[in-house]
Amino acid sequence: MRGSQEKLSLAWFLRHPLVATCILLALTIVLPYLRVGERLKLLTFLPLARAQGQVGGSAYEELSEDERVRFDLQRERDRNSSLASENARLARALLDLKALGGPDFAASQLPPAINAQVVFHGDSSNWRHSCWINRGRKQGVSDGMPVVAGRTLIGRIFMVGDDHACVQLLTDPGFACSCLIVDPDNPQQDPESRVRGVLRGDGSAMPHFPRLELEDVAVGAEVKPGMYVITNDYSGQFPLGLAVGVVREAIPQAGFLQVRIEANMDLATLEVVQVLQHRRPELEQQALQLMRKK
Amino acid sequence: MIQALQVRTQPPRYRWRIVAGGGLLLAAVHTLLLHRLKLGDFTPDLYSVFALYLGLFASRQGRYVPSLALGLIRDFFSLGLLGSYGVLYSLLHKAAGRARGKLDPERPLNVFIMALGGTFLVNFGYHSMLALSGEGIGWSRALARCASVAAASAPPAVLLYPVAHYLLHKLRVGRSGGYWNI
């Protein structure tokens, strides 16, 4: 009787933890559809990300003329050194890009890219894989854009702030991408006869040249070690021809082939990446493209 | 007896500072440090070890909400669904309460067993949530990974729990019936 007279308040929830847990569980399932969680997380993460790249402000107006000149000189020196290090990083990225040049798919045109620096790697969960970059909505980055290093796929944009964005790496369990397996010894292979599969991240705890797996590859498909795995534009989410990795082994399973591949990129040492300004086409555009192909 | 009553009537000490400080510190350790060690699947889940400590040794009022808050802090620094770890840690404190009734948590072997089981359950629960949202990695592989994480987390728990006891003692937090007044 006493229980029925109790008012529903925060204290009541604290006394009934299982009810509160069930409500939280329900919210956990519902909130992702509204992307409330991501927005809240951005609020927490962004001050950290900003703190990485900003220098504390000084009372510039209060300085004397000499002090201002010295201050400006020091600022320009700092800027020079940061530009020099950025230049070195970009030169290294360009070398990587040249080194990755391979068969014909590597010659295909990619969408315009935005260069970005990786601010920090890591995720507090052992299962998820992400990193943060110093480019955001103001620079034209938006949700779902592919992120590459040279021509190698790294992941996709998951959350975007004004000046920073979170990248879901291809080893994250939530990452999936349609892929093609191409034979480097036979670059003139008919595109229709290329082997297709779906790359899924497995939350591999070792992002150092991670071993990835390609699923849904048809049994009987000719897959040999050393073949290249590249992205397919089947779903429109990623452009055709981004390198993913090299086939290491193919294991026949019931009804499909399990293809193990070694990634081209060491995800733990990423410094400079490019965000491709590629947008997933609308359904109508995809239908038109398909009709043109036929 | 009188001392125990005094501890019980004292307000909790450092509860939110321990939860917020410990949560942020461990989030930073997981985010910035542990993945650099390249331990593979044997990366310890220190965050769950800490949540289990609260479930085992915090006073009755210092278990549920702090565990929930701890889980939410971890969720904020992760790509996963907001509330996943919140739910898991609030369930972990219940399981820890049951386990405490059967095993003495002051014995290193019991701590090892409870940390092994606790971290395994948390990681398995997390994978179940991933699987519900279509992001699972396959149950056999997930079981192997959960076992690896649990095996890597139990030994640090045996070492870290006495350190945590020592620090709380130094902070002059009261203890009654084996529970810290936090």
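So, how was this worked out
- Residues numbered from 1 in each chain as written.
- Chains lettered and ligands numbered in written order.
- Predicted model: local features only at pLDDT ≥ 70, side-chain atom pairs only at ≥ 80, totals over all residues.
- Heavy atoms only, no water.
- Helix = DSSP H or I, 4+ residues; strand = E, 2+ residues; numbered from the N terminus.
- Buried < 20%, exposed > 50% of the residue type's maximum accessible area, 1.4 Å probe, protein only.
- Contact = heavy atoms within 4.5 Å.
- Areas by Shrake-Rupley, 256 points an atom, 1.4 Å probe, with all protein chains shown as cover.
- Lys, Arg positive; Asp, Glu negative; His and termini not counted.
- Charge placed at Lys NZ, Arg CZ, Asp CG, Glu CD.
- Buried area = accessible area lost by both parts, 1.4 Å probe.
- Salt bridge = Lys/Arg side-chain N within 4 Å of Asp/Glu carboxyl O.
- Polar contact = N/O pair within 3.5 Å; in protein donor to acceptor, adjacent residues only side chain to side chain.
- Nonpolar A, V, L, I, M, F, W, Y, C, P; charged D, E, K, R; others polar.
- Pairing = 2+ DSSP bridges.
- Expected span 1.5 Å × (residues − 1).
- Arc of directions from axis to C-beta.
- Phe/Tyr/Trp six-rings, centres within 6.5 Å; stacked < 30°, edge-to-face > 60°.
- Core = buried A, V, L, I, M, F, W, Y, C linked by side-chain atoms within 4.5 Å.
- Patch = residues over 30% accessible without salt bridge, like charges linked within 9 Å, V, L, I, M, F, W, Y side chains within 5 Å.

Enquirer: Go over the overall build of chain B, please, and point to the residues and values.
Expert: Helix and strand content of chain B: seven helices and two strands. The dimensions of chain B, computed from C-alpha atoms along their principal axes, are 55 × 30 × 30 Å. Taking all 182 residues of chain B together, the buried fraction comes to 51%. A sequence separation of at least 24 residues applies to 69% of the contacts in chain B between residues at least 6 apart. Summed over all atoms, the accessible surface of chain B reaches about 8,600 Å², with 67% contributed by carbon and sulfur. One finds the centroid of the 19 positive side-chain charges in chain B at a distance of 10 Å from the centroid of its 6 negative side-chain charges.

Enquirer: Could you give an account of the overall build of chain A, naming the residues involved and the relevant values?
Expert: Counting its secondary structure elements, chain A contains five helices and twelve strands. When each of the 294 residues of chain A is scored for burial, the buried share is 43%. For chain A, the proportion of contacts with a sequence separation of at least 24, taken over those separated by at least 6, is 62%. Roughly 16,400 Å² of accessible area belongs to chain A as shown, and the carbon and sulfur atoms make up 55% of that amount.

Enquirer: Can you explain the interface of chain B and chain A? Please cite residues and give values.
Expert: Contacts between the two partners involve 43 residues from chain B and, on the opposite side, 44 residues from chain A. Counting the surface lost from both chain B and chain A, the interface buries some 3,600 Å², and carbon and sulfur atoms represent 65% of this. Ranking the residues of chain B by area buried against chain A places Phe 76, Phe 77 and Leu 79 of chain B at the top, with a combined share of 20%. Joining chain B to chain A, the criterion identifies two salt bridges. Between Arg 128 of chain A and Glu 135 of chain B there is a salt bridge, with its nearest N and O atoms 3.3 Å apart. Applying the counting rule to chain B against chain A returns nine residue pairs in polar contact (both at pLDDT 80 or more). The set of elements that each furnish at least two residues to the side of chain B that touches chain A consists of helix H2 (15-33), helix H4 (64-76), helix H5 (84-102), helix H6 (108-132) and helix H7 (139-170) of chain B. Here the residues of the side of chain B that touches chain A sort into 21 nonpolar, 13 polar and nine charged.

Enquirer: Tell me about the pairing of strand E9 (residues 228-231) of chain A, residues and numbers included.
Expert: Sheet topology places strand E6 (residues 176-182) of chain A next to E9 of chain A; four bridges connect them, and they run antiparallel. Looking at the pairing, Leu 180 of chain A lines up with Ile 230 of chain A of E9 of chain A.

Enquirer: Describe H2 of chain B, listing the residues and the values that go with them.
Expert: Between the first and last C-alpha of H2 of chain B there are 26 Å, a value that for 19 residues agrees with the 27 Å anticipated at 1.5 Å per step. Along H2 of chain B, the residues classified as buried are Arg 15, Ile 18, Val 19, Gly 22, Gly 23, Leu 26, Ala 27, His 30 and Thr 31 of chain B. Considered in projection along H2 of chain B, the buried side chains sweep an arc of 160° and stay on one side of the axis. Turned more than 90 degrees off the buried face of H2 of chain B, the exposed positions are Arg 17 and Leu 25 of chain B. Contacts from the buried residues of H2 of chain B go to strand E1 (113-121) of chain A together with helix H3 (46-57), H4 and H7 of chain B.

Enquirer: Provide a residue-level description of H3 of chain B, including the pertinent values.
Expert: Residues and elements named next belong to chain B. Its twelve residues place the ends of H3 16 Å apart at the C-alpha level, agreeing with the 16 Å of an ideal helix rising 1.5 Å per residue. Along H3, twelve of the twelve residues are buried, which leaves the element largely enclosed by surrounding structure. What H3 keeps buried is the set Leu 46, Tyr 47, Ser 48, Val 49, Phe 50, Ala 51, Leu 52, Tyr 53, Leu 54, Gly 55, Leu 56 and Phe 57.

Enquirer: Which residues make up the packing of aromatic side chains, and what values go with them?
Expert: All names here are of chain B. For the structure shown, the criterion picks out nine aromatic pairs over all chains. Geometrically, the ring pair formed by Tyr 53 and Tyr 161 is edge-to-face, given 5.0 Å between the ring centres and 65° between the ring planes. Of this pair, Tyr 53 sits in helix H3 while Tyr 161 is found in helix H7, placing the two residues 108 residues apart along the sequence. Taking relative accessible area as the criterion, Tyr 53 reaches 5% and is therefore assigned buried. For Tyr 161, a relative accessible area of 4% gives the class buried. Relative to Tyr 161, the ring of Phe 57 lies with its centre 5.9 Å away and its plane at 90°, an arrangement referred to as edge-to-face. On the criterion of sequence distance, the pair formed by Phe 57 in helix H3 and Tyr 161 in helix H7 is long-range, its members being 104 residues apart.

Enquirer: Which residues make up the nonpolar core, and what are the values?
Expert: Grouped burial of nonpolar side chains is what soluble globular proteins tend to show. Trp 127 of chain A together with Leu 52, Tyr 161 and Ile 182 of chain B are the most contacted members of the largest nonpolar core, which has 47 residues in total. Ranked by residues supplied to this core, first place goes to H3 of chain B with ten residues. Every residue in contact with Ile 182 of chain B, bar those within four places of it in the chain, is listed here: Pro 12, Arg 13, Arg 15, Ile 18, Leu 54, Ala 58, Ser 59, Gly 62, Leu 168 and Val 173 of chain B. One finds Ile 157, Cys 179, Ile 181 and Leu 267 of chain A within the second-largest nonpolar core, a separate group that totals 44 residues.

Enquirer: Before we move on, could you go through a positive patch on the surface and cite the residues and values that matter?
Expert: Residue and element names in this part refer to chain B. Where like charges cluster on the molecular surface, the positive patch consists of Arg 13, Arg 17, Lys 170 and Arg 172. On the secondary structure map, Arg 13 appears in the loop between helix H1 (2-9) and H2. A residue is classified by how much of its surface remains accessible, and Arg 13, at 32% relative accessible area, is partly exposed.

Enquirer: Talk me through a nonpolar patch on the surface; I want residue IDs and the actual numbers.
Expert: On the surface, Leu 109, Phe 112, Ile 113 and Leu 116 of chain B cluster together to form a nonpolar patch covering roughly 340 Å² of accessible area. Mapped onto the elements, Leu 109 of chain B comes out in helix H6.

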